[in-house]
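Observations on the three-dimensional arrangement
Chain by chain, the residues run as shown.
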Amino acid sequence: MSGKRWAYEDFYEGCVIALPEKRVGKEEIVAFASEFDAQPMHLDEEAGKASLLGGLAASGWHTCSIFMRMMCEAFLLDSTSQGSPGITDMRWQRPVLAGDRLSGASTVLSRRLLKSRPDLGLVTFRHEVKNQNGERVILCENPILFRLREKGAA
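Scoring rules and cut-offs
Residues numbered from 1 in each chain as written. Predicted model: local features only at pLDDT ≥ 70, side-chain atom pairs only at ≥ 80, totals over all residues. Heavy atoms only, no water. Helix = DSSP H or I, 4+ residues; strand = E, 2+ residues; numbered from the N terminus. Buried < 20%, exposed > 50% of the residue type's maximum accessible area, 1.4 Å probe, protein only. Contact = heavy atoms within 4.5 Å. Areas by Shrake-Rupley, 256 points an atom, 1.4 Å probe, with all protein chains shown as cover. Lys, Arg positive; Asp, Glu negative; His and termini not counted. Charge placed at Lys NZ, Arg CZ, Asp CG, Glu CD. Phe/Tyr/Trp six-rings, centres within 6.5 Å; stacked < 30°, edge-to-face > 60°. Arc of directions from axis to C-beta. Disulfide = S-S within 2.5 Å.

What follows deals with the overall build of the protein chain. The helix and strand tally for the protein chain stands at four helices and six strands. When the helices and strands of the protein chain are read in sequence order from the N terminus, they spell out β-α-α-α-α-β-β-β-β-β. In terms of principal-axis extent, the alpha carbons of the protein chain reach across some 60 × 25 × 20 Å. Across the 154 residues that make up the protein chain, the buried fraction comes to 42%. Here the analysis covers contacts within the protein chain between residues at least 6 apart in sequence; of these, 71% occur between residues at least 24 apart. Carbon and sulfur atoms provide 49% of the accessible area of the protein chain, an area that totals close to 8300 Å². Each charge class in the protein chain was averaged separately, 20 positive and 20 negative side chains, and the resulting centres sit 7 Å apart.

Below is the structure:
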């Protein structure tokens, strides 16, 4: 973590926050799939190779979970985040295969103060996660609520 306590005031349109790299291992893919998405292409290497995915592939939901952890490490755990009202758009654009190294960035698209809660602001992000070949695996947009550092300071 950067040591910075992210608050609403720190996010501006065009602000880009790098997400940390994450290697995705075979055991992790199988463990997640065993519990949450037990489709053959997420559990067995041969089934993965025979599928459209081309190898043992992480579930899309697993990929989302990995992305969430990356975002938490990059800024959310050291912020005034109050959660999110949802996801506007989530696209799984390429499979995440065993051995892939993921990295990415979160970019601020817009921000606004809430009229009903003057101590909160809504920041809308576009998140992109890519594999080691620079191929995008996730494209996501969502708003996140952040407290202001100082009421009325934004």
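Next comes the rest of the write-up.
Going through the model one piece at a time under the given rule, you end up with nine aromatic pairs. Centroid distance F32 to F36: 5.0 Å. Interplanar angle 45°. Geometry classified as tilted. Here the residue F32 and the residue F36 both occupy positions in helix α1 (residues 26-36), the gap between them amounting to four residues, near one helical turn. In this structure F32 comes out as buried when scored by relative accessible area, which is 17%. Ring geometry for W61 against W92: centres 5.0 Å apart, planes inclined by 85°, an arrangement best described as edge-to-face.

Before going further, it helps to spend a moment on the environment of K49. In this structure, K49 sits in helix α3 (residues 45-50). Judged by its relative accessible area of 48%, K49 is partly exposed. It is 45 Å that separates the C-alpha atoms of K49 and Y8, two residues lying 41 residues apart in sequence. In contact with K49, other than residues within four places in its own chain, are G54 and G55.

Next up on the list: α1. Considered for burial, the residues of α1 that qualify are I29, F32 and A33. Angularly, the buried residues of α1 cover 95° about the axis, an arc narrow enough to put them on a single face. Of the residues in α1, the exposed ones pointing more than 90 degrees away from the buried face are E27 and E35. Buried residues along α1 sit in contact with α2 (40-43) and α4 (60-74).

Within this structure, the stated rule accounts for zero disulfides. The closest cysteine sulfur to the non-disulfide-bonded C15 is located on C140, 17 Å from its own sulfur. Between C72, a cysteine without a disulfide, and C140, which holds the nearest cysteine sulfur, the sulfur-to-sulfur distance is 13 Å. For C72, a relative accessible area of 15% translates into the label buried.

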